[in-house]
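Residues per chain are reported as follows:
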Amino acid sequence: MTDEKIARINALAQKAKTEGLTEAERAEQKALREEYIAGFRKSLKAQLDNTVVLNPDGTSYKLRQKKDGN
C-alpha cells in the first residue's frame, strides 16, 4: 500500500471524527481499509512462512500452518 493511500485513510478517519463522511467517502474508506488489511495479512503470512524456530538442542524447524483451521 502506498503512502498516499495510507494518508488518505488517515484523512478520512480524521474527517469522520470531526464532521462526518458522505456515503461515497464511507465506501472509499471501507475499500481502502480492506486493501490495507489484505496487504498486512499477506506481509505477515510471508514473514511467518520464512520463520525458523531454533530449539535449545540446536535443531530447527520451519513454522507450518495448521490444516484444521484452529
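Calculation notes
Residues numbered from 1 in each chain as written. Predicted model: local features only at pLDDT ≥ 70, side-chain atom pairs only at ≥ 80, totals over all residues. Heavy atoms only, no water. Salt bridge = Lys/Arg side-chain N within 4 Å of Asp/Glu carboxyl O. Helix = DSSP H or I, 4+ residues; strand = E, 2+ residues; numbered from the N terminus. Buried < 20%, exposed > 50% of the residue type's maximum accessible area, 1.4 Å probe, protein only. Patch = residues over 30% accessible without salt bridge, like charges linked within 9 Å, V, L, I, M, F, W, Y side chains within 5 Å. Areas by Shrake-Rupley, 256 points an atom, 1.4 Å probe, with all protein chains shown as cover. Contact = heavy atoms within 4.5 Å. Expected span 1.5 Å × (residues − 1).

(A) Representation of the pattern of salt bridges in the model. All told, the structure shown has 5 salt bridges when counted by the stated rule. Across the pair E25 and K15 runs a salt bridge whose closest N-O atoms are separated by 2.6 Å. Of the two residues, E25 is situated in helix α2 (residues 23-49) and K15 in helix α1 (residues 3-18); the sequence distance between them amounts to 10 residues. Overall, the relative accessible area of 24% leaves K15 in the partly exposed class. As a salt-bridge pair, R26 and E23 come within 2.4 Å of each other at their nearest N and O atoms. Residue R26 and its partner E23 are located together in helix α2, separated by 3 residues, close to a single helical turn.

(B) Here's a closer look at a nonpolar patch on the surface. Residues M1, Y36, I37, F40, L44, L48, Y61 and L63 make up a contiguous nonpolar surface patch of roughly 730 Å² in combined accessible area. The dominant element in the nonpolar patch, judged by the number of residues it contributes, is α2, at 5 residues. Locating L63 in the fold gives a position in the segment after β2 (60-62).

(C) Representation of the environment of V53. Following the sequence through the fold, V53 ends up in strand β1 (residues 52-54). Put simply, V53 and G20 are 33 residues apart on the chain and 47 Å apart in space, counted from C-alpha to C-alpha. Residues in contact with V53, not counting those within four places in the same chain, are T59, S60, Y61 and L63.

(D) Geometry of the side chain of E25. Using a relative accessible area of 14% as the deciding quantity, one classes E25 as buried. Setting aside residues up to four positions removed in sequence, E25 forms contacts with L12, K15 and G20.

(E) Representation of α1 within the structure. If you check α1, its first and last C-alpha atoms are 23 Å apart, about what 16 residues at 1.5 Å a residue would give, namely 22 Å. Downstream of α1 by a residue or two, G20 has a phi angle that is positive, lying close to 95°.

(F) Structural context of α2. The first and last C-alpha atoms of α2 sit 39 Å apart over 27 residues, in line with the 39 Å expected at 1.5 Å per residue. Of the positions making up α2, those classed as buried are E25, Q29 and L32.

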